[in-house]
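Below are the chains, spelled out letter by letter.
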Amino acid sequence: MPFDQSFFDRSAVEVARDVIGFQLDIGSCGGIIVETEAYEPDDPASHSFRGPTQRNRVMFGPAAHAYVYRSYGIHWCLNFVCRPGSAVLIRALQPVGGMTEMEARRGLADPLLLCSGPGRLCQALGITIEHNGLYLFGPPFRLTPPLLPAMIVTGRRIGISQGVDLPWRFGLEGSLHVSKRFRGKYGPPPTSL
DNA sequence: TTTGTGATGCACT
DNA sequence: GTGCATCACAAAA
């Protein structure tokens, strides 16, 4: 599978598993994606469940674009748009570059708290509503595939009240940088590029 | 270690 | 008015 727009033009469950281990950079900051969640069109936990709105409209546009929304009135959260009405929530990064800048934005130096949560990583990378709708294969984003396929763990999604039993949370096995420990199971290996 | 709660914007009923 | 795809900090146990 090539790493281009078609990589994202699939179900969110597939993409959420396959982007674990990729490096996401914005400017001089970034890290390895170690935790994601999938949100599908028929999924009652998904913003797209009740159809297009002003907030979620980019979820219904072309794949490989960023969907950014405000969470609880305070934080920003970053998603990768997949097939129409589906998206992958980026939940945690292992910081790799631009640590000083990210620490300054976060007001914090603990590497385990820098990017370990969807709101935290957006604050660390400076992601805001300004990034909503931007193409993922163009600036300011840079996405780099891993050299070797990642080992995947799965579990239940966090912070939702509908669809709680779906195993649509994915993590990098053994990572200390996830937002919450995975108790669960090993998932299928990612699709190779 | 787990549980509770305030802060805060906005889509939706 | 209600309910969030959250976080930080306090308090309990």
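Residues numbered from 1 in each chain as written. Chains lettered and ligands numbered in written order. Predicted model: local features only at pLDDT ≥ 70, side-chain atom pairs only at ≥ 80, totals over all residues. Heavy atoms only, no water.

Where an unreviewed UniProt entry is consulted, chain A appears under the name Putative 3-methyladenine DNA glycosylase, with the organism given as Rhizobium deserti. Recorded in UniProt under Sequence similarities (unreviewed entry), the annotation for chain A is "Belongs to the DNA glycosylase MPG family." (UniProt positions renumbered as here; feature names shortened; annotations may be inferred.)

### Brief notes about the environment of R183
You can see R183 is positioned in the segment after strand 8 (169–172). Residue R183 is classed as exposed on the basis of its relative accessible area, which comes to 84%. Remark: the alpha-carbon pair of R183 and E40, spanning 143 residues in sequence, is separated by 23 Å. (Helix = DSSP H or I, 4+ residues; strand = E, 2+ residues; numbered from the N terminus. Buried < 20%, exposed > 50% of the residue type's maximum accessible area, 1.4 Å probe, protein only.)

### Focus: the layout of surface pockets
By volume, the largest pocket is sized at about 620 Å³. Along the walls of the largest pocket sit 27 residues, with Y39, H47, Y69, G159 and I160 positioned nearest its centre. For the lining of the largest pocket, the elements supplying multiple residues, two or more each, are strand 2 (29–39), strand 3 (66–71), strand 4 (75–81), strand 5 (87–97) and helix 5 (118–125). The element that contributes the greatest number of residues to the lining of the largest pocket is strand 3, accounting for 4 residues. Among the residues forming the lining of the largest pocket, the class breakdown is 13 nonpolar, 9 polar and 5 charged. (1 Å grid on protein atoms, 1.4 Å probe; cavity = no way out; pocket = protein on both sides within 12 Å on 5 of 7 lines; lining within 4 Å. Points joined across faces, edges and corners; volume = space filled by probe spheres on them. Nonpolar A, V, L, I, M, F, W, Y, C, P; charged D, E, K, R; others polar.)

### Overview of the protein's contact with DNA strand B
Neighbouring DNA strand B are T53, R55, R70, Y72, G73 and I74. Protein-adjacent atoms of DNA strand B, using a 4 Å cutoff, are sugar or phosphate at a proportion of 52%. One of the backbone nitrogen or oxygen atoms of G73 is found 3.4 Å away from a sugar or linking oxygen of DNA strand B. Residue composition of the surface near DNA strand B, grouped by class: 2 nonpolar, 2 polar and 2 charged. (Near = heavy atom within 4 Å. Polar contact = N/O pair within 3.5 Å; in protein donor to acceptor, adjacent residues only side chain to side chain.)

### Remarks on the side chain of R10
Take R10: it is sitting in the loop between helix 1 (5–8) and helix 2 (12–18). A relative accessible area of 8% means that R10 is categorised as buried. Sequence-distant contacts of R10, that is, excluding residues within four places in its chain, are made with M1, V15, D18, C82, R83, S86 and T191. (Contact = heavy atoms within 4.5 Å.)

### Examining the pairing of strand 3
When a strand is regular, its side chains alternate between the sheet's two faces. Most of strand 3 is tucked away, with 5 of its 6 residues classed as buried. When strand 3 meets strand 4, the two strands line up antiparallel, connected through 6 bridges. What sits directly across from V68, in strand 4, is L78. Taking the residues that link successive antiparallel strands as the turn, the strand 3-strand 4 hairpin has 3 residues, and the phi of Y72 there is positive, at about 50°. (Pairing = 2+ DSSP bridges.)

### Re the packing of helix 3 (residues 99–106) against helix 5
Running from N to C, helix 3 and helix 5 point in directions that differ by 115°, and their axes come no closer than 7 Å. Relative to helix 5, the crossing made by helix 3 is right-handed. Between helix 3 and helix 5, the contacting residues are M102, R105 and R106 on the first element and R120, Q123, A124 and L125 on the second. The residue makeup of the contact of helix 3 with helix 5, split by class, is 3 nonpolar, 1 polar and 3 charged. (Axes fitted to C-alpha atoms, helices over the stretch in contact; angles between N-to-C directions. Left-handed = near helix turned anticlockwise from the far one by under 90°.)

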